Amino acid sequence: MREIDSSQISAALSELIVKTSTSLGDDILTALHKAYEAEVSPAGRDILLSLLENACIAGEKKIPLCQDTGTAIVFAEAGQDVHINGNLVDAINLGVRQGYEQAYLRKSIVSQPFSERVNTQDNTPAVIHTEIVPGDRLKLSFMAKGSGAENMSRLFMLKPGVGHEGVIEAVLETVENAGGSPCPPIIIGLGVGATAEKAMFMAKKALLRPLGVSSPEAEVAALEAEVLKRVNGLGIGPLGLGGRVTALGVMAEAAPTHIASLPVAVNLQCHSARHGEVVL
Amino acid sequence: MSGIKLNSPFNPAELEKLQAGDRVLISGVIYAARDAAHKRLVEALNQGKPLPFDLKGQTVYYMGPSPAKPGEVIGSAGPTTSSRMDRYTPELLDAGLLAIIGKGNRSAEVSRAIVGKKAVYFISIGGAGALLSQRIKESRMVAYPELGAEAILALKVEDFPAIVAIDSQGNNAFTLGQSIYRTAKEA
């Protein structure tokens, strides 16, 4: 049994938050450069150039890429041979508190959603997903999820008969309805199958995958490619002002489901897809 | 981004010349206000109380900044989703507001109110908060400091980039732009 102290978890997470708030991953920067080359709309090209410039300024001056520094979402994959000394949830929340303070990030969490909405002042609590996996390591993946994109999430409980085409139409409807609000070019997380809550979990977790890396399952990879092509045919373009590049990528996960079900969860991510991981 | 140079508060005649899709660079003073501040402004209007600033001819920017680092005027400062403010916008336009900066499309009701008041809805660059922060030269607290990131700020801006999304005639840059690049929905 390997031991990990909760203080290591907090320190690693706060460091990850500080790093991801001001620097986009190389995969996203590459995708934005490619989008600039592919875009034919003059306004769209201008916007994509501004986004690349924004990434440079954020990196140089250590200013958050976006003022919406998000809900802190943490996926913790704990090896079954790991023992955590201390409380995992407290350790994650301490890391979030420290990271958001150190990097001058906006604190956007309110304690009560439907009445008083009082700001907790430190961006906690984080939304935490834990999974037990084989091994003796702890992997922490962090995602800062702005609400411009998150608010456009949709869950469809489709009739199984609609099949492949029904899944694609659900995504197209979501993206069309979202228009310019989620800051296109977007990244699309898609969860197909299982149950309502698992589908949404898969859609969000898929967004952790590096852009440009297709699903290892051929059929799912083919779905991703087709959805991307069809979404980019909608003409929504950067910020919704029209163009060929509405999405930078589609990442899907599929899972077995009930004979009567076809859940489809769509979770949109903005172009400023801030995430990263650390393994302890 | 290049564009037509404009000054806020606006001259209504100048705003009327703008066309959906025009790129502009705004200088002058704009007021940052988002969800919670809008709720309070409209409550004040409904109760006949004075507003914390005169809206006449002014520009509201839907933005809640990240905290300023020491030595900086403001933190990251990009636009937030405008549709959340749709329920409040017609009343604020009635009270004299002339221009709005946000991101994303507006409701048909807001679009009609914009035409009725010969106002303009601009969008700025969503997710470019670091870049946009560099165009903000001064920031002053105007009202509701207890709302934190949602307080109303007066911002002095220079060449702040924006695009006319809905012009004073009701032309919509989203609809116009998307119709050009839309290919068949089917594969």
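Residues numbered from 1 in each chain as written. Chains lettered and ligands numbered in written order. Predicted model: local features only at pLDDT ≥ 70, side-chain atom pairs only at ≥ 80, totals over all residues. Heavy atoms only, no water.

Chain A has the name Fumarate hydratase, alpha subunit, putative in an unreviewed UniProt entry, where Dehalococcoides mccartyi is given as its organism. Recorded under Sequence similarities (unreviewed entry), the UniProt text for chain A is reproduced unchanged: "Belongs to the class-I fumarase family." (UniProt positions renumbered as here; feature names shortened; annotations may be inferred.)

Counting secondary structure elements, chain A contains 8 helices and 10 strands. A globule of 280 residues ought to have a C-alpha radius of gyration of about 19 Å, and chain A, at 19 Å, matches this closely. Projected onto its principal axes, the C-alpha coordinates of chain A cover approximately 50 × 50 × 40 Å. In chain A, which comprises 280 residues, the share counted as buried stands at 56%. The long-range share in chain A, meaning contacts at least 24 apart out of those at least 6 apart in sequence, stands at 81%. Working note: accessible area of chain A is about 11500 Å², and carbon and sulfur atoms make up 55% of it. Positive and negative charge centroids in chain A, built from 23 and 31 side chains respectively, lie 3 Å apart. (Helix = DSSP H or I, 4+ residues; strand = E, 2+ residues; numbered from the N terminus. Rg over C-alpha atoms; globule rule 2.2 N^0.38 Å. Buried < 20%, exposed > 50% of the residue type's maximum accessible area, 1.4 Å probe, protein only. Contact = heavy atoms within 4.5 Å. Areas by Shrake-Rupley, 256 points an atom, 1.4 Å probe, with all protein chains shown as cover. Lys, Arg positive; Asp, Glu negative; His and termini not counted. Charge placed at Lys NZ, Arg CZ, Asp CG, Glu CD.)

All names here are of chain A. Pairing is mixed in the open sheet, where 4 strands are placed in the order 6-9-7-8. Across the chains shown, the open sheet's two edge strands, defined by having one partner strand only, are strand 6 (154–158) and strand 8 (247–257). Between one strand axis and the next, the sheet turns through 15 degrees on average, direction left out of account. Contacting strand 6, strand 7 (186–194) and strand 9 (262–269), helix 6 (residues 163–178) crosses the sheet at an angle of about 35 degrees to strand 9. (Pairing = 2+ DSSP bridges. Axes fitted to C-alpha atoms, helices over the stretch in contact; angles between N-to-C directions.)

As annotated in UniProt, the feature "domain: Fe-S hydro-lyase tartrate dehydratase alpha-type catalytic" (unreviewed entry) corresponds to residues 12–278 of chain A in the numbering used here. Taken as a whole, residues 12–278 of chain A contains 39% helix and 24% strand, while its terminal C-alpha atoms sit 7 Å from one another.

Here we come to helix 1 (residues 6–22) of chain A. Along its 17 residues, helix 1 of chain A runs 26 Å from first to last C-alpha, staying within 8% of the 24 Å computed at 1.5 Å per residue. Inspection of helix 1 of chain A places Ser6, Ile9, Ser10, Ala12, Leu13, Ser14, Leu16, Ile17, Thr20, Ser21 and Thr22 of chain A among the buried residues, and these make up the whole buried set. (Expected span 1.5 Å × (residues − 1).)

All names here are of chain A. For chain A, the domain assignment lists domain 1 (2–20 + 65–145) and domain 2 (148–273). Between domain 1 and domain 2, the contact holds 13 residues from the first and 12 residues from the second. When the two sides are added together, the surface that domain 1 and domain 2 hide from each other amounts to roughly 920 Å², 63% of it contributed by carbon and sulfur. Of all residues in domain 1, the largest losses of buried area upon contact with domain 2 belong to Phe75, Met143 and Lys145, amounting jointly to 56% of the total for that side. The interface formed by domain 1 and domain 2 contains 3 salt bridges. Residue Glu131 pairs with Lys205 through a salt bridge whose shortest N-O separation is 2.7 Å. (Domains from an automatic or database assignment. Buried area = accessible area lost by both parts, 1.4 Å probe. Salt bridge = Lys/Arg side-chain N within 4 Å of Asp/Glu carboxyl O.)

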